[in-house]
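Summary of the model geometry
The chain contents come next:
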Amino acid sequence: MKTLALSLAALALSAGAASAQDFRIAFGDLDLGSVAGANAFDARVNAAARRACRGTAPLAEHQCRARFRVEAISLLPSVRRDDYARARGGRVLAAVPVIYG
């Protein structure tokens, strides 16, 4: 299966970043609509975020990683982003009609 990748510029994500290095995160081999696929994508994003945000103060690093994750998800193609969102919690457990009166 062809692997797609997204490119993230660390400089755009954090004022504390030392360079504008690109980070590539493969996702083409994952089923982002499944919990397992979304978990694997999160692990890849988190690993790239750790590399991108390394060497800053703890609070700045935490903020950088959070912005990195948001940016990575926003760069997914819309269909894949929708699949990811469904896997991450858009579940309806039960639809129960409510009758008043």
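Below is a short write-up of the structure.

1. Digging into the packing of aromatic side chains
Applying the stated criterion across every chain, the model contains 2 aromatic pairs. Here the aromatic rings of Phe 23 and Phe 68 are separated by 6.0 Å at their centres, their planes lie at 75°, and the arrangement is edge-to-face. You can see Phe 23 sitting in strand E2 (residues 22-26) and its partner Phe 68 sitting in helix H3 (residues 58-74), a full 45 residues away along the chain. On the accessibility criterion, Phe 23 (6% relative accessible area) is buried.

2. Comments concerning helix H2 (residues 35-53)
The first and last C-alpha atoms of H2 sit 26 Å apart over 19 residues, in line with the 27 Å expected at 1.5 Å per residue. For H2, the set of buried residues is Gly 37, Ala 38, Phe 41, Val 45, Ala 48, Ala 49, Ala 52 and Cys 53. For H2, the buried positions fall inside an angular range of 120° around the axis, keeping them on one side. Once H2 finishes, Gly 55 follows within two positions and takes phi at roughly 90°, a positive value.

3. With respect to H3
Here H3 spans 24 Å end to end across 17 residues, near enough to the 24 Å set by a 1.5 Å rise per residue. Within H3, the full set of buried residues consists of Glu 61, Cys 64, Phe 68 and Ala 72. An end-on view of H3 places all buried positions within 70° of arc, on one side of the element. Away from its buried face, by an angle of more than 90 degrees, H3 presents the exposed residues Leu 59, His 62 and Val 70.

Rules and cut-offs
- Residues numbered from 1 in each chain as written.
- Predicted model: local features only at pLDDT ≥ 70, side-chain atom pairs only at ≥ 80, totals over all residues.
- Heavy atoms only, no water.
- Phe/Tyr/Trp six-rings, centres within 6.5 Å; stacked < 30°, edge-to-face > 60°.
- Helix = DSSP H or I, 4+ residues; strand = E, 2+ residues; numbered from the N terminus.
- Buried < 20%, exposed > 50% of the residue type's maximum accessible area, 1.4 Å probe, protein only.
- Expected span 1.5 Å × (residues − 1).
- Arc of directions from axis to C-beta.

From the geometry alone we can't say anything about function, so treat these as descriptive.
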